[in-house]
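# Coordinate analysis (summary)
Below are the chains, spelled out letter by letter.
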Amino acid sequence: MKKSFTNKEFNEILSILSNDYDIYAPITLPYKGTFSDTDSIKYGKISNIEEINLNNKSHYSAKEILLPITQTLFYFTEKEFIKPKIKTKKSLIFLRSCDLHSVNRVENIYLHNKYSDEYYKEVRDKVKFIVMGCPGQGWDSCFCASMGTNKTEMYNIGVKFQDNKIFVDVKDQDFKEVFNNGVDSEFEMEFVTSNKEVVTIPERINEDEVINFEMWRDYDRCIACGRCNFVCPTCTCFTMQDIFYKDNEKNGERRRVWASCHVDGFTTMAGGHEFRKKTGDRMRFKVLHKISDYKKRFGVQMCTGCGRCEDICPEYISYINCINKLAKKLGDKND
Ligand code: SF4
Ligand code: SF4
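Residue positions within a chain follow its written sequence, with the count starting from 1. All chains are assigned letters beginning with A, and all ligands numbers beginning with 1, in the order in which they are written. Only residues with pLDDT of at least 70 get local features here, since the model is predicted, and only at 80 or more are side-chain atom pairs given and counted; chain-wide, interface and lining totals rely on the full set of residues. Only hydrogens and water are removed before side-chain values are computed, so all heavy atoms of the structure are retained for them.

### Considerations on the packing of aromatic side chains
Paired rings are identified among Phe, Tyr and Trp, the last through its six-membered ring, by centres lying within 6.5 Å, and are further divided according to the angle between planes into stacked (under 30 degrees), edge-to-face (over 60) and tilted (the rest). Counting across every chain of the model gives 14 aromatic pairs. Residues Tyr21 and Phe175 carry aromatic rings whose centres are separated by 5.5 Å and whose planes lie at 40° to one another, so their mutual orientation is tilted. With Tyr21 in strand β2 (residues 21–29) and Phe175 in helix α6 (residues 173–176), this residue pair connects regions lying 154 residues apart in the sequence. Like Tyr21, the residue Phe175 is buried in the burial classification. Geometrically, the ring pair formed by Trp216 and Tyr219 is tilted, given 6.3 Å between the ring centres and 45° between the ring planes. Of the two residues examined, Trp216 and Tyr219, each falls in the buried class. Clustering of aromatic rings is evident, with ring pairs tying together Phe5, Phe10, Phe94 and Phe179. Ring-over charges, as used throughout, are those where CZ of Arg or NZ of Lys falls within 6 Å of the ring centre and within 35 degrees of the ring normal. Seen from the ring of Trp258, Lys63 lies directly overhead, with NZ or CZ sitting 4.3 Å from the centre. Above the face of the Tyr119 ring, Lys83 is positioned so that its terminal group lies 4.8 Å from the ring centre. A helix here means a DSSP run of H or I that spans at least four residues, while a strand means a run of E at least two residues long, and both kinds are numbered starting from the N terminus. With a 1.4 Å probe rolled over the protein chains alone, any residue whose accessible area is under 20% of its type maximum counts as buried; one over 50% counts as exposed, and the rest are partly exposed.

Put into structure tokens, the structure is as follows:
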């Protein structure tokens, strides 16, 4: 069902939907950016369309709505443990095509990787997605076209903003009634067909060979801050923390908290053994996970080409150049 609405009409629909859904979209947080006088664009609750930042790529993805940065798994006493109450309200998330593909990559890990994670599933079952088209070639560091994530049909609702109108493609039966009153309109979703950045993924990666390449030493300048992992919509690693309450140290809670394969301690084992001490080796581990070994298991590349890791690195380490450099070394790419 394809319809068009004015902003006012669309906001009225959002207001109706907000009875059942928390509605999330990329919003601007003024002066919360990394450097002074810069903004941060991240996901937050909205009540009208004007709150959405439509002009920029969000620095952070919608991942934290589905997979909280810190999540209490259970509370414990000496005698028992109890799970926290789960949120009953559903969520509706505005996001871009690459980020919807990223949700699929996270689902593979949390739902289809031998076991299904009940905490993730409880949240995921209550989430629906509104995909927003992307302008022109996307943004500077996007390479979704190289990764095949520039288009999607897997949305519940698709939207296109044009001529002060909102064109809506409703695929999900649950939303047909609320959007029924718009003007019938034929339109195509606005998807990127090419990006400024082109990335060549090497066809065959022999990990035993690649692991010893000298190029990884270029990345020993990584300062292990972990920012590239935290902005990545497809990174899924977590660590566990047991928190013991001060008033009764036998009571507490177990939390899972996002972790980063770049930071110190990620591979530390009993006895102090560490697999990857050099930060360049951590970069190698991340890159090969994103463009090689995940695909061997799930049949798709983990990286969805959003370019956020490229934008966020304080050491100006370019993930895009790294993959292209690897492709060149393996003979998949010319200059
Ligand atoms: S471009 Fe970087 S941040 Fe985006 S999905 Fe790929 S590895 Fe993650
Ligand atoms: S690659 Fe950059 S963003 Fe990632 S941990 Fe290293 S310094 Fe930080």
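Structure's up, so let's keep going.
### Considerations on the site of ligand 2
Inspection of the region around ligand 2 gives Cys222, Ile223, Ala224, Cys225, Gly226, Cys228, His262, Cys313, Pro314, Glu315 and Ile317 as its neighbouring residues. All amino acids are sorted into three groups, where Ala, Val, Leu, Ile, Met, Phe, Trp, Tyr, Cys and Pro are nonpolar, Asp, Glu, Lys and Arg are charged, and the leftover types, Gly among them, are polar. Residue composition of the shell around ligand 2, grouped by class: eight nonpolar, two polar and one charged. We call a residue near a molecule or strand as soon as one heavy atom of that residue lies within 4 Å of the molecule or strand.

### Quick word on the pattern of salt bridges
For salt bridges, the criterion is a side-chain nitrogen of Lys or Arg within 4 Å of an Asp or Glu carboxyl oxygen. Counted by the stated rule, this structure contains 27 salt bridges. Note that Arg255 and Glu253 form a salt bridge whose closest N and O atoms lie 3.0 Å from each other. According to the relative accessible area criterion, Arg255 is partly exposed, its value standing at 25%. Residue Glu253 is classed as buried on the basis of its relative accessible area, which comes to 8%. Ionic pairing is found between Asp281 and Arg284, a salt bridge with its closest N-O pair at 3.4 Å. With a gap of three residues between them, Asp281 and Arg284 both fall in helix α9 (residues 279–298), about one helical turn apart. For Asp281, a relative accessible area of 15% corresponds to the buried category. For Arg284, a relative accessible area of 12% gives the class buried.

### A look at the pairing of strand β1 (residues 2–6)
The side chains of a regular strand alternate between the sheet's two faces. Any two strands between which DSSP finds at least two bridges are classified as paired. Where β1 lies against strand β9 (residues 165–170), five bridges are found, and the strand directions are antiparallel. Bridging across to β9, Lys3 finds its partner in Val168. Bridge analysis of β1 against strand β10 (residues 183–184) gives two bridges, and the strand direction is antiparallel. Each bridged residue has a counterpart across the sheet, and for Lys3 the counterpart in β10 is Asp184.

### Things to note about the sheet that holds strand β4 (residues 70–76)
Strand order in this open sheet of four strands is β5-β4-β12-β11, and the pairing throughout is antiparallel. In the strand order of this sheet, the two ends are held by β5 (81–82) and β11 (238–244), each with one partner. Note that β11 and strand β12 (residues 252–258) share seven bridges and pair antiparallel. Directly across from Met240, in β12, lies its bridge partner Arg256.

### Quick look at the side chain of Lys57
Tracing the chain through its elements places Lys57 in the loop between β3 (40–45) and α2 (63–66). Residue classification places Lys57 among the buried positions, given a relative accessible area of 14%. Nitrogen and oxygen atoms within 3.5 Å of one another constitute a polar contact, given that in protein one can donate a hydrogen and the other can accept it, and given that sequence-neighbouring residues count only through two side-chain atoms. A polar contact of 2.5 Å, which involves the side chain of Lys57, links it to the backbone oxygen of Cys306. Engagement of the side chain of Lys57 in a polar contact is seen with the side chain of Asp311, the distance being 3.4 Å. Lys57 has contacts with Ile41, Trp139, Ser141, Cys142, Cys306, Gly307, Arg308 and Asp311, leaving out every residue within four places of it along the chain. Residues count as neighbours in contact if any of their non-hydrogen atoms are within 4.5 Å of one another.

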